[in-house]
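Each chain, letter by letter, is given below.
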Amino acid sequence: MSPEQKALALGITFPKKDKGYLNLCVRSGNQLLTSGHVSDMKGKLGANLTTEQGYQAAKECAIKILQSVHETHGTLDGLRVVRLLGCVNSTGDFIEQHLVINGASDLMVEVFGERGRHARSAVGMGSLPRGIPVEIEIVVEVNAAPARASRAAAVRKSAAKAERPSPKQKSAKAKRR
């Protein structure tokens, strides 16, 4: 199942969005870079929100990111998630920022498979705009190279093809007989 099909199967929709003041996603070369996306939830981890609620907020951010990427690129197919930055509005003694941001990372892997595995930072913040608990941004590679297994298969196929005699070599061999 392709990433786009997987997202649709998970119930993720891709509604058209009105252009805002800032771009939610831009293309630069072969990369898509997103602005920070936030959840609709309000609160602070370690004060009035649990880690599980933060996880759900991070997942909501990731869904919004996928929608913005789709709006910019037209599909989720042929992409690889390179990097994810997650900012968590948390108290000074809250130490589970990484578990909160797993809500976004887990969704990326669920949608993109191996191409959803990414480098990541999960950091705690004293506050975030409008009292939101989580803000996330990602970097995505467009038309990512095939997975290693596919690349290895292509190399084997190329090597096997190189070992086969060309029509010209076959003709020369036939003349020698």
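Data block above holds the structure.
Residues numbered from 1 in each chain as written. Predicted model: local features only at pLDDT ≥ 70, side-chain atom pairs only at ≥ 80, totals over all residues. Heavy atoms only, no water.

Asker: What am I meant to see in the pattern of salt bridges here?
Answerer: Pairing of side chains with opposite charge becomes possible as their charged atoms draw close. Throughout the structure, instances matching the rule amount to four salt bridges. For K64, the salt bridge identified is with D40, shortest N-O distance 3.0 Å. Here K64 is found in helix α2 (residues 51-73), whereas its partner D40 is found in the loop between β3 (37-38) and α2, with 24 residues between them in sequence. Look at D40 and you get exposed, because its relative accessible area is 59%. As a salt-bridge pair, R117 and E114 come within 3.1 Å of each other at their nearest N and O atoms. Accessibility expressed as a relative area gives 47% for R117, which makes it partly exposed. Overlapping salt bridges bring together D40, E60 and K64 as one network. (Salt bridge = Lys/Arg side-chain N within 4 Å of Asp/Glu carboxyl O. Helix = DSSP H or I, 4+ residues; strand = E, 2+ residues; numbered from the N terminus. Buried < 20%, exposed > 50% of the residue type's maximum accessible area, 1.4 Å probe, protein only.)

By themselves, these figures tell us nothing about what the structure is for.
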